[in-house]
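Topology and contacts: notes
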Amino acid sequence: MDHERNDITADIDLRPIVGLLSNESEHVIEILTVGAIKKHRTLVDRAERLFQIAHGGGRGGDKEPSEAHVAYLEATIEMHAQMSALTTLLNILGRTPKV
């Protein structure tokens, strides 16, 4: 099974995750993938809430960025970074599990 995983994950950017999970069972990878899906949903919700807070009144041109705007950007970066890990897990698993 390890050889098959390496073949299907050849284009994945997060090679450390591929290596870390190379000897793990499909069941373990599914557990991790389901957890990553749930975490991603939470991070998306958080980024959306922060976007609404930061941009509810519109952005003010050349002003200093607000704390709310910076918090939104940080949340969005975290969401996208975690999405890379989730995409890697989905590719390793080879399917989208039921959540």
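Residues numbered from 1 in each chain as written. Predicted model: local features only at pLDDT ≥ 70, side-chain atom pairs only at ≥ 80, totals over all residues. Heavy atoms only, no water.

We now examine the side chain of H55. Inspection of the secondary structure puts H55 in helix α3 (residues 26-55). With residues up to four places along the chain from it excluded, the contact list for H55 reads H69 and Y72. (Helix = DSSP H or I, 4+ residues; strand = E, 2+ residues; numbered from the N terminus. Contact = heavy atoms within 4.5 Å.)

Our next topic: the packing of α3 against helix α4 (residues 67-93). Helix-helix packing is described using two parameters, namely the angle between the two axes and the distance between the axes. Two numbers describe how α3 lies on α4: the axes approach to 8 Å, and their chain directions differ by 160°. Accordingly, the angle class assigned to the pair α3 and α4 is roughly antiparallel. Like other packed secondary-structure pairs, α3 and α4 cross with a definite hand, here left-handed. Residue composition of the contact of α3 with α4, by class: 22 nonpolar, six polar and five charged. (Axes fitted to C-alpha atoms, helices over the stretch in contact; angles between N-to-C directions. Parallel < 35°, antiparallel > 145°, perpendicular 65-115°, else oblique. Left-handed = near helix turned anticlockwise from the far one by under 90°. Nonpolar A, V, L, I, M, F, W, Y, C, P; charged D, E, K, R; others polar.)

Attention shifts here to the side chain of H69. Within the secondary structure layout, H69 lies in helix α4. The exposure class of H69 is buried, given its relative accessible area of 9%. Engagement of the side chain of H69 in a polar contact is seen with the side chain of H55, the distance being 3.0 Å. (Buried < 20%, exposed > 50% of the residue type's maximum accessible area, 1.4 Å probe, protein only. Polar contact = N/O pair within 3.5 Å; in protein donor to acceptor, adjacent residues only side chain to side chain.)

Let us look at the nonpolar core. Judged by nonpolar contacts, V18, L21, I29, A36, I37, L86, L89, I92 and L93 together constitute the single largest core of nine residues. Of all the secondary structure elements, the ones that give two or more residues to this core are α3 and α4. Ranked by residue count, the leading element in this core is α4, at four residues. Not counting residues within four places of it along the chain, the set of residues in contact with L86 comprises T33, A36, I37 and H40. If you look at the next biggest cluster of nonpolar residues, it comprises seven residues, including L43, L50, Y72 and M79. (Core = buried A, V, L, I, M, F, W, Y, C linked by side-chain atoms within 4.5 Å.)

By themselves, these are just geometric observations and shouldn't be taken as functional.
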